[in-house]
Structures are given as structure tokens and as C-alpha cells.
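# An overview of the molecular structure
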Amino acid sequence: MATVCSVNVGSREPNPWKRAGWTGIGKEPVDGPVRVGVPRAGDSGLDGDFIGDRRHHGGPDQAVYAFAAEDLGHWERTLGALLPDGSFGENLTTSGIDVNASPLGERWRVGRTVELVVTVPRIPCGTFAGVMGTKGWLKQFTAEARPGAYLSVAVPGLVQQDDPIEVLHRPDHGVTISQCFRALTTQPELLPGLASAGSDLTPELAARVRGR
């Protein structure tokens, strides 16, 4: 059974990798339930979670960021470093579900009531590179195409550690998070193929596909 290993939120901290500004990328597991809802532009969908770069992160289509514990394990082995839950800035560290193979528009029930919808892959940024402190990190992370997924909130509620994750709906168009990530990064020639996801494309992503 797929489950939530931890629910992680980040507090407001100075961002040393930018000339000015703040970051909430340093996320820590929370004890007990956390309320999840539809955020305003630039905000997180989780109560108590801070977003520093409100232009590129947060908002309804990036309300929750999920990353698989299995992928954290891969990077632990690759880097030879301990990576606790939340290390990649994820809100939900998951187990038993291949987040990167999830198609756009896939709908999850998390816990008793919350329903989330897979929207877009996470695109790594300079702050992420700074946190990791590994030379060539962005290139290395991008080459793996295991970015984790952002999700929108279809039904608000509470989430907590050990909540089950159930796939309620899986679209048959086959456009996965990994495929979308490659199209947006190393293989732009794949962009036209994303059109088959139809209404499961976010407005921003649909505009990118039309522009291509």
C-alpha cells in the first residue's frame, strides 16, 4: 500500500543563495495532522509552509510537492549522504507509489478526505543547488528525470504521517511526470507530445505546448 512517510513544512529563513530574499526550502517533518487547502498565488497549500520565490513556486497548481522515499534512497546511495525526509524541499515524502510515472491529471486520495491532482514536475532551481552543495547538482538531478510532482488540491482536509495514498483516477493519455520533465528541460522536442494530455495540462503548460 502506498503511504505518506512524512508531511514536511518549511519556515521562513534568509536565502544565502540569492542577493536578497527568503526561502522555505528547508522542510522538516511535522508531528500530527497538517491542514491542506487551495492556496493563493505564490502560497503553499500546507498550513505553516513558507514559500520564498512566489513567482516560480506555490499557487493552486503547485500547492503540494511530493517526492518518493525510494528516490531519496537512490540519491543517498549515489551521493553517499544521509537525506532525511524533506531534504529535497518536498511536502509529502511518499512510499509505494512511483511519483514520476504518474500521468498528469492522476487523482490521489490521501488519508480520509484529501484529494490531490498531479499537475507538473518540479524544475530544480539555484536555491536547490545551493542547499545540496554538490558540484554539477542541477545537471545531475535533471539527467535522472526523477523530479517528483506538484499537485493541486481538489478536496481540502488534513494529512499526516502514515496516511494511505489511493489512486482514484489515472488518465490513459500516458503523459507522465518524467516525460513532461524531459520536455521542459533536456528534450524540448517532446513538448508537442504533451498535447495528448489535453485538459490535464495546466494553463501555463498548455501555453508552452502551443508556443512550441
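Quick note: structure is the one above.
Notes on the structure follow. As a convention, each chain's residues are numbered from 1 in the sequence order in which they are written. Totals for whole chains, interfaces and linings use all residues, but because this is a predicted model, local features are given only for residues with pLDDT of at least 70 and pairs of side-chain atoms are given and counted only at 80 or more. No hydrogens and no water enter the side-chain calculation; it runs on all heavy atoms of the structure.

### Topic: the packing of aromatic side chains
By convention, a stacked pair of Phe, Tyr or Trp rings (six-membered ring in the case of Trp) has centres within 6.5 Å and planes under 30 degrees apart, an edge-to-face pair has planes over 60 apart, and any other such pair is tilted. On inspection of all chains with the given rule, the structure shows 11 aromatic pairs. Consider the rings of phenylalanine 88 and phenylalanine 128, whose centres lie 5.2 Å apart with planes at 75°: the pair is edge-to-face. Of the two residues, phenylalanine 88 is situated in the loop between α1 (69-79) and β7 (92-95) and phenylalanine 128 in helix α2 (residues 126-132); the sequence distance between them amounts to 40 residues. Among the residues examined, phenylalanine 88 registers a relative accessible area of 0% and is labelled buried. Judged by centre distance (5.2 Å) and plane angle (90°), the ring pair of phenylalanine 128 and phenylalanine 141 falls under edge-to-face. With phenylalanine 128 in helix α2 and phenylalanine 141 in helix α3 (residues 137-144), this pair connects stretches of sequence that are 13 residues apart. Each member of the pair, phenylalanine 128 together with phenylalanine 141, is buried. Taken together through their ring pairs, the aromatic side chains of Tyr65, Phe67, Trp75, Phe88, Phe128, Trp137, Phe141 and Tyr150 make up a single cluster. Here, over-ring charges are defined by two tests on the NZ atom of lysine or the CZ atom of arginine: distance to the ring centre within 6 Å, and angle to the ring normal within 35 degrees. The ring centre of tryptophan 22 lies 3.6 Å from the NZ or CZ of arginine 12, which sits over that ring. Going along the chain from the N terminus, every DSSP run of H or I of four or more residues is numbered as a helix, and every run of E of two or more is numbered as a strand. Burial classification: accessible surface area is computed with a 1.4 Å probe over protein chains only, and a residue below 20% of its type maximum counts as buried, one above 50% as exposed, and the rest as partly exposed.

### Let's talk about unusual backbone geometry
The phi dihedral of alanine 145 is positive, around 55°, even though this residue is not glycine. Looking at the secondary structure, you find alanine 145 in the loop between α3 and β10 (149-155). A positive phi angle is found at aspartate 162, which is not glycine, with a value near 75°. Its location among the elements puts aspartate 162 in the loop between β11 (157-159) and β12 (164-169).

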